[in-house]
Amino acid sequence: MSTTQLLNQLSNLPAQKPQNNALFLGTWADKDYLTHIKSMFSGVTTYTVCEPVKLLTQLELYCSKRSITRVVSTNTDILVKLLALEGNVKESAALSDYAGSLFTYRGIEIVFIDPLAQLLTVSYGRFITQRYISKVINPLSWPEATEFKWTLLSPENISEIYAQFHNALVIGVDIETVRENCAIRCIGYSAVFIDRTDRTPIRTVSVVLPMDSDWALAWVRKFNSLPAAKVLANGKYDCSYLLRFNAPLTNWLWDVQHMFHSWYSELPKDLAFLNAFFLRKVVYWKDLAETNDIEQYCRYNAMDTWATVNVWVQQLLQAPAWAKKNYVLEFPLVYPCLLAEMTGLKRDMGRLVSARADVDAKESSSLQSLRAMIDVPSFNPGSHVQVKSLMKVLGCADIADSSGEKNLNKASYRHPLNARIFTKILDIRGWRKLATTYLRLDSDKEGKKENGSKEFNGRILYALNPHGTDTGRLASREHHFWTGLQIQNIPRGPEVKQTICADDGFYLGECDLEQAESRDTANIAGDTSLISAVSGDRDFHSVNCSAFFGVPYESIYDDAVGKTLNKGLRDVAKRVNHGANYNMGAFTLVDTMGLENIFKARSLLNLKMTDPKKIAEYLLAQFHKTYPSIAGKYYVSVVNEIGTTSRLTSRAFHHTEYNLAHYSAVGYIETGDWTRYCFGRPDKNKLDLNSYVAHCPQSLNARTLNEAFLKVFYEIALPNPEHFRLHAQIHDSILFSYTEEGLRKNLPDKVREAMEIPVTIRDVSGTYRDFTVPAALKLGVKDKKTGEFIRAKYWSETE
DNA sequence: GAGCGAAGCGCC
DNA sequence: AAAGGGCGCTTCGCTC
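Analysis parameters
Along each chain, residues carry numbers from 1 onward, in the same order as the chain's sequence is written. Each chain takes a letter, starting from A, and each ligand takes a number, starting from 1, following the order in which they are written. In keeping with the model being predicted, local features are shown solely for residues with a pLDDT of at least 70 and side-chain atom pairs are shown and tallied solely at 80 or more, while totals for entire chains, interfaces and linings include all residues. Hydrogens are left out, water is left out, and the side-chain values use all remaining heavy atoms of the structure. Being near a molecule or strand, for a residue, means having at least one of its heavy atoms within 4 Å of it. Pairs of N or O atoms are called polar contacts if they sit within 3.5 Å, as long as, within protein, a hydrogen donor faces a hydrogen acceptor (for residues adjacent in sequence, only side-chain-to-side-chain pairs). Numbering of helices and strands runs from the N terminus; a helix is a DSSP stretch of H or I covering at least four residues, while a strand is a stretch of E covering at least two. For two strands to be treated as a pair, DSSP must find at least two bridges joining them. Axis definition: a line fitted to C-alpha atoms, over the contacting stretch in the case of helices. Angles run 0 to 180 degrees between N-to-C directions. The classification used treats Ala, Val, Leu, Ile, Met, Phe, Trp, Tyr, Cys and Pro as nonpolar, Asp, Glu, Lys and Arg as charged, and all other residues, Gly among them, as polar. Aromatic contacts are taken between Phe, Tyr and Trp rings whose centres are within 6.5 Å, Trp giving its six-membered ring; a plane angle under 30 degrees counts as stacked, one over 60 as edge-to-face, and the others as tilted. The rule is simple: take the accessible area with a 1.4 Å probe, protein chains only, and divide by the maximum for that residue type; under 20% is buried, over 50% is exposed, in between is partly exposed. Here, over-ring charges are defined by two tests on the NZ atom of lysine or the CZ atom of arginine: distance to the ring centre within 6 Å, and angle to the ring normal within 35 degrees. Contacts were defined at the residue level, with two residues in contact if any of their heavy atoms lie within 4.5 Å. Any Lys or Arg side-chain nitrogen found within 4 Å of a carboxyl oxygen on Asp or Glu counts as a salt bridge.

A. Representation of the protein's contact with DNA strand C within the structure. In the neighbourhood of DNA strand C, 32 residues make up the surrounding shell, with Ser383, Ser476, His578, Met584 and Thr588 lying closest. Taken together, the sugar and phosphate atoms account for 70% of what DNA strand C places within 4 Å of the protein. Glu478 places a main-chain nitrogen or oxygen 2.7 Å from a phosphate oxygen of DNA strand C. His541 is positioned such that a nitrogen or oxygen atom in its side chain is 3.5 Å from a base nitrogen of DNA strand C. For the surface near DNA strand C, the secondary structure elements donating two or more residues are helix H19 (416-438), strand S15 (475-477), helix H25 (567-581), helix H26 (586-593) and helix H32 (686-717). For the surface near DNA strand C, the element with the highest residue contribution is H32, accounting for four residues.

B. The arrangement of the sheet that holds strand S9 (residues 202-210) in detail. Across the sheet, which stays open at both edges, the six strands sit in the order S6-S9-S8-S7-S10-S11 with mixed pairing between neighbours. A single partner strand is all that each edge strand has here, and the edge strands are strand S6 (150-152) and strand S11 (252-255). Recorded for the sheet is a direction-independent mean angle of 25° between the axes of neighbouring strands. Judged from the three bridges that link them, strand S7 (residues 170-178) and strand S10 (residues 229-232) form a sheet pairing that is parallel.

C. Examining the sheet that holds strand S12 (residues 345-347) more closely. The strand order across the open sheet built from three strands is S13-S12-S16, with neighbouring strands paired in antiparallel fashion. Only two strands of the sheet have a single partner each, and these edge strands are strand S13 (459-460) and strand S16 (500-501). Judged from the two bridges that link them, S12 and S13 form a sheet pairing that is antiparallel. The residue bridging Leu345 from the neighbouring strand is Ile460, located in S13.

D. Representation of the protein's contact with DNA strand B within the structure. Neighbouring DNA strand B are 20 residues, the closest being Ser402, Ser403, Asn489, Arg492 and Asp732. Within 4 Å of the protein, the atoms of DNA strand B are drawn from sugar and phosphate moieties in a proportion of 80%. Here a phosphate oxygen of DNA strand B and a backbone polar atom of Glu405 are 3.1 Å apart. One of the side-chain N or O atoms of Tyr438 is found 3.4 Å from a sugar or linking oxygen in DNA strand B. Mapped onto the surface near DNA strand B, the elements with two or more residues apiece are helix H17 (384-393) and H19. The element contributing the most residues to the surface near DNA strand B is H19, with four residues. For the surface near DNA strand B, the class distribution of residues is five nonpolar, eight polar and seven charged.

E. Region of the structure containing the packing of aromatic side chains. Enumeration over the complete set of coordinates arrives at 50 aromatic pairs. For the ring pair Phe103 and Phe112, a centre distance of 5.7 Å and an interplane angle of 90° mean the geometry is edge-to-face. As far as burial versus exposure is concerned, Phe103 and Phe112 are alike and both buried. A centroid spacing of 5.9 Å and a plane angle of 40° characterise the contact between Trp263 and Phe278, whose relative ring orientation is tilted. One end of the pair, Trp263, is in helix H11 (residues 256-263); the other, Phe278, is in helix H12 (residues 271-278), with 15 residues separating them in the sequence. Each member of the pair, Trp263 together with Phe278, is buried. Positioned above the aromatic ring of Tyr62, the side-chain terminus of Arg66 is 3.6 Å from the ring centre. Sitting over the face of the ring of Trp795, Lys497 holds its NZ or CZ atom 4.5 Å from the ring centroid.

F. Geometry of the side chain of Asn75. In this structure, Asn75 sits in the loop between strand S3 (68-73) and helix H4 (76-85). Asn75 sits in the buried class, given a relative accessible area of 4%. Reaching out from Asn75, the side chain makes a polar contact with the backbone nitrogen of Asp77 at a distance of 2.9 Å. Residues contacting Asn75, with those up to four places away along its chain left out, are Leu25, Gly26, Thr27, Val53 and Phe112.

G. Quick peek at helix H21 (residues 516-525). A large share of H21 lies buried, amounting to nine of its 10 residues. For H21, the full list of buried residues reads Ala516, Glu517, Arg519, Asp520, Thr521, Ala522, Asn523, Ile524 and Ala525.

H. Region of the structure containing the pattern of salt bridges. Evaluation of the coordinates by the stated rule reveals 27 salt bridges. In this structure, Glu707 engages Arg703 in a salt bridge whose closest nitrogen and oxygen atoms are separated by 3.1 Å. Within this pair, Glu707 and its partner Arg703 are both found in helix H32, separated by four residues, close to a single helical turn. Of the two residues examined, Glu707 and Arg703, each falls in the buried class.

Laid out in structure tokens, this is it:
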């Protein structure tokens, strides 16, 4: 019997019975939206009050007169009063924290929801509001969580509890940490026990161990080695700290954040949200973590583990098959990600200091000249407010709503004097970004805490999160140890990458999937012209140019020498292709190309019209004429699929043994690979359509690279711990390092082979095709003088 | 002085 | 080189 079947049989039954009338207790701001929630009360007689109600006694009186026993509310005055009754005294409380929290007051159940305006402004507003309202309107549809009981572990009880935990079905684990020194304050465990003979067959036992002694650490190691599967919430965080203390967690198989991301990737997934989403009778408790009382703190730790296992039970019971499949695809990525996060990359500290000095020098000389030019000695180009005023002074008030790069370029196009000033501002901003974000030194602190250098023992650390994006790409941010960098947006020039290097005895290598998203788009849409254009031997943009505008390919590009002959027109085709591919409108095309380029295109193509928007429309039309399946079939299929199922499912199959072990090829395509639940309305909202149209190729590419990441982890990194290091995945590339011995074993080539995964795909018209995105290794640079190949030691050398 | 949102910008 | 989409970090300027 599977775990799910077991839980299904044993699920604790809810105890409540349906009750009397209902009340919506809102605010003035909710008045306009009342019609939207009417149907959510399932026909129960519901009163509405939007006038200010400040006292619980007022509420009680109102309810008792009308036989009201359940209340849905956005009234924060009442919320604060209810919290005070629970001993949580505060002046104000945010609905965003307490949405989904349920209180009981004198026989009345009160659930709080977000302001009704969110029904229209947040794509998932209706969905969540309906769910929370059902907590009081349809309580029988909500299973009861286990009873919360917790124990502080001590020498007196720990042996006995440890023995008891050997029989657990799963164990929830959560740590609380000290940010300043990366210590672990305490660790909580919640064991789930099953007893079919019991009235409540699912039972949990929660314990907490303060981490204040070697004795405690020794016990943590024992508990972490228990045989039960572990369930965590964002477990890479906890695992990182436990690894630091040499107390690795074994058999981590479940994670409620990854499970929820696999199900509703567009929704929040912090533990507080998951509690409110899955458990009926909960009140937000994150603010309790601010306590200084260690006992209280441990209790809070225990509640988190209790919530984690209860959420886990409900996820297993309620998640549909496609979400569980997503989980199987996503969760295993935590292991290679954790390895890469704990490996990090070495920073050459000498080079860091000199690179920073170079950047600082360029910035300060530019700043000096800018200030002299405009005669404002204190001008700060980093302040958008000041730059906007400058734009107004220089006659660009009409575009001074933003001082971003696009508008500054527009302003520059108007007058050469503007160009001198605004180009300088953009230069300075560029240097500042490099210095303050990527080349930080300890001296940048200036009294502010945690604002100095980014290295951890001379290394750049980072987090790689498989649950960070809506498309299945990994997201990156600073490391769990509260330092390091987002590793996926390191600037492409040498300025920063020359300071990041392989470890002693290692070389750095990077392997890219080439034009992956274009190939994916072509194959998903099944546009045979686009497939051959993107996978052929000829220059893609020149092929487009020829097809769009009816000029001979030979006049655009010379294949023999690999040279562009008509850069201007090829450029137009490039811009049009990129824009049209993702459903850009004519207005935006004008905006992004700039008037100069639009009129350049007009003269290159001898067009008659003078309205820039008309020119852009013409350009976009040429794309859609050439590749009719993109808008004609692919966009339409996105709208239809979401309209009928609220989901987008990738009909693609990756040929790796990991997948083959789980699914047979044909059935896999029919049921789909990665599925995204879509709350947006692509039929009504163009931005939603754009994002869903972009999702499919981006997601398919992410899936391919994620499969490759797993292959590299299992087949290359793990068997060669002395000679290979897995550093990161950067959207279409994998960054690694290897030794001389690793080179003799051909490990870089094996990375490339692992990344070239054949894919079988069913296009939107039902045609099956096989294709493989080629991967290219970047292992070094040719010396410009000697022509000798230099193996990369620094990241700047893998170009 | 802390906290927060907006703006801007880095990558694929 | 850079549109559309996908992200996260720093600074500024404001509020509390």
